[in-house]
Amino acid sequence: MRIFSGIQPTGRKHIGNYIGAIRGYLEGQERADPAIYCIVDLHATSVAYDPEALPGYVLDTTAMLLAAGLDPGRCILFRQSDVREHTELTWLLCSVTPCGDLQRMHQFKDKSEREQELVRTSLFLYPVLQAADILLYRSDEVPVGDDQRQHIELAREIARRFNSTYGEVLVEPKHVIPEVGARIMDLQDPSTKMSTSYGTDAGLIYIDDEPDDIRRKLARAETDSGREVVRGPDKPGISNLIEVMSVTRGAAPEDIEREFEGEGYGTFKNAVAEDVVGLLAPVRERYRELRPDEDGLERMLAEGAERARAIATPMLAEVRDVMGIGPKGAASPAVQRRG
Ligand code: TRP
């Protein structure tokens, strides 16, 4: 069983990423054969970005994943652009991707509205590159947030259409959404998901935040009217903090509500802060150790890319072959399925 997931090289990762995605990655590396995790620097060029800063962001993300417990001995961790097969497969998959489907993608609509200068063609093609990431490894499971539902559905559709057009080569992946903590909300605006792209500093807890910053941000987190620690549609702020604590304690939300019955918001927020500080402290410390060793991180990514290529190269040869690209029968017989 193969697991594949991609993660954006946005500088700093926050607790929403940690809870919603990174913990699932750890679980995946125990279970899959192999688990493949890709830092998607090519996707980062689909909106305005800083070319000077991007290589460093990739290393930030790499060090963060390792600090959180990813083990290159038990998974494949690599940088997307190091494996050129991703871009070539993107183009080939365009041949079975309806334009109308891409126009209907929520993320494309949202992001293109927010873009100030230029809506890039790469933003339009973003979901096809994501499908290529996944399909290149014949991935069975794709653990990624609920906001990616439409993108994964499109990848499945592309696989189906490809297989019925050219022959059974691609595997339809299954979307796996983390159950708890899939939606950690912004502390200042609990109606929106915690996100580095659009949130403010005060609304996000970064994995490498100092304990005092964490305490301050949680003390100032937006709460709701009323004073009881219970979940409810009119209490998005408190509901969000209950969700966070249910993760840090591995407890059911009901148990947390019971524990804090009769206590005010202040006491509860302090308790959440101490939990979060405890959860993140070891990750922050390891990150501080790992991040300065850039050569070591680059070596590790290069090894990851080599292992990824060992799967991707024969796979792409097979796709080219069934599509009639290049000389006939160029894919090696070992990997040829039709014939
Ligand atoms: N679009 C994903 C996100 O923003 C990142 C991503 C790129 C991805 N390629 C992927 C996720 C392949 C899963 C599989 O979170």
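Residues numbered from 1 in each chain as written. Predicted model: local features only at pLDDT ≥ 70, side-chain atom pairs only at ≥ 80, totals over all residues. Heavy atoms only, no water.

**Observations regarding the packing of helix H4 (residues 85-94) against helix H13 (residues 294-323)**
Reasoning step 1: Closest axis-to-axis distance for the H4/H13 pair is 10 Å, and the angle between their directions is 25°. When the axis of H4 is compared with that of H13, the two are roughly parallel. As for the relative orientation of H4 and H13, their crossing is left-handed in sense. For the pair H4 and H13, contact is made by Glu-85, Glu-88, Leu-89 and Leu-92 and by Arg-309, Ala-312, Thr-313, Leu-316, Val-319, Arg-320 and Met-323, respectively.
Reasoning step 2: Its residues placed into classes, the contact of H4 with H13 shows six nonpolar, one polar and four charged. (Axes fitted to C-alpha atoms, helices over the stretch in contact; angles between N-to-C directions. Helix = DSSP H or I, 4+ residues; strand = E, 2+ residues; numbered from the N terminus. Parallel < 35°, antiparallel > 145°, perpendicular 65-115°, else oblique. Left-handed = near helix turned anticlockwise from the far one by under 90°. Contact = heavy atoms within 4.5 Å. Nonpolar A, V, L, I, M, F, W, Y, C, P; charged D, E, K, R; others polar.)

**Re the domain arrangement of the protein**
Reasoning step 1: Assigned domains of the protein: these are domain 1 (3-176 + 293-338) and domain 2 (201-290).
Reasoning step 2: Computed over C-alpha atoms, the centres of domain 1 and domain 2 are 32 Å apart.
Reasoning step 3: At the junction of the two partners, domain 1 supplies 16 residues and domain 2 supplies 15 residues.
Reasoning step 4: Along the contact surface separating domain 1 from domain 2 lie two salt bridges.
Reasoning step 5: A salt bridge links Arg-12 to Asp-209; the nearest nitrogen and oxygen atoms lie 3.3 Å apart.
Reasoning step 6: Run the count over domain 1 and domain 2 and you get seven residue pairs in polar contact (both at pLDDT 80 or more).
Reasoning step 7: Elements that contribute at least two residues to the side of domain 1 that touches domain 2 include exactly helix H1 (15-31) and helix H3 (54-68).
Reasoning step 8: For the side of domain 1 that touches domain 2, the element with the most residues is H3, which contributes six residues.
Reasoning step 9: Taken together, the residues of the side of domain 1 that touches domain 2 sort by class into ten nonpolar, one polar and five charged. (Domains from an automatic or database assignment. Salt bridge = Lys/Arg side-chain N within 4 Å of Asp/Glu carboxyl O. Polar contact = N/O pair within 3.5 Å; in protein donor to acceptor, adjacent residues only side chain to side chain.)

**As for the packing of aromatic side chains**
Reasoning step 1: Using the criterion set out here, one finds six aromatic pairs in the structure.
Reasoning step 2: Residues Tyr-25 and Tyr-37 carry aromatic rings whose centres are separated by 4.2 Å and whose planes lie at 10° to one another, so their mutual orientation is stacked. Highlighted residues: Tyr-25 in helix H1 and Tyr-37 in strand E2 (residues 35-39), separated in sequence by twelve residues. An identical accessibility class is assigned to Tyr-25 and Tyr-37; each is buried.
Reasoning step 3: When the centroid spacing of 5.2 Å and the interplanar angle of 70° are considered together, the rings of Phe-108 and Phe-124 count as edge-to-face. (Phe/Tyr/Trp six-rings, centres within 6.5 Å; stacked < 30°, edge-to-face > 60°. Buried < 20%, exposed > 50% of the residue type's maximum accessible area, 1.4 Å probe, protein only.)

**Quick word on the side chain of Ser-139**
Reasoning step 1: Note on placement: Ser-139 falls in the loop between helix H7 (121-135) and strand E4 (141-143).
Reasoning step 2: A distance of 2.7 Å separates the side chain of Ser-139 from the backbone oxygen of Ile-134, its partner in a polar contact.
Reasoning step 3: Not counting residues up to four positions away in its chain, the partners in contact with Ser-139 are Arg-2, Phe-4, Ile-134, Val-171 and Pro-173.

**Some remarks on the side chain of Arg-138**
Reasoning step 1: Take Arg-138: it is sitting in the loop between H7 and E4.
Reasoning step 2: Classification of Arg-138 by relative accessible area gives buried; the value is 16%.

**What to know about the environment of Pro-282**
Reasoning step 1: As for its position among the elements, Pro-282 is in helix H12 (residues 265-290).
Reasoning step 2: Linking Pro-282 and Val-47, residues 235 residues apart in sequence, is a C-alpha distance of 33 Å.

**Side note on the nonpolar core**
Reasoning step 1: Formed by 55 residues in total, the largest nonpolar core has its most connected members in Leu-218, Phe-268 and Val-276.
Reasoning step 2: Broken down by element, the residue count for this core peaks at eleven residues, all from H12.
Reasoning step 3: Both domains that meet at this core, namely domain 1 (3-176 + 293-338) and domain 2 (201-290), each give it at least three residues.
Reasoning step 4: Setting aside residues no more than four positions away along its own chain, Phe-268 makes contact with Val-229, Ile-238, Leu-241, Ile-242, Met-245, Ile-256 and Phe-260. (Core = buried A, V, L, I, M, F, W, Y, C linked by side-chain atoms within 4.5 Å.)

**As for the site of the ligand**
Reasoning step 1: Taken together, 13 residues form the shell around the ligand, and within it Gly-6, Tyr-126, Gln-130, Asp-133 and Gln-148 come nearest.
Reasoning step 2: One nitrogen or oxygen atom from the side chain of Tyr-126 is found 2.7 Å from a nitrogen atom belonging to the ligand.
Reasoning step 3: Within the side chain of Gln-148, an N or O atom sits 3.0 Å from a nitrogen atom of the ligand.
Reasoning step 4: Elements that contribute at least two residues to the shell around the ligand include exactly strand E1 (3-7) and H7.
Reasoning step 5: Take the shell around the ligand: its biggest share by element is four residues, from H7.
Reasoning step 6: In terms of residue class, the shell around the ligand is built from six nonpolar, six polar and one charged. (Near = heavy atom within 4 Å.)

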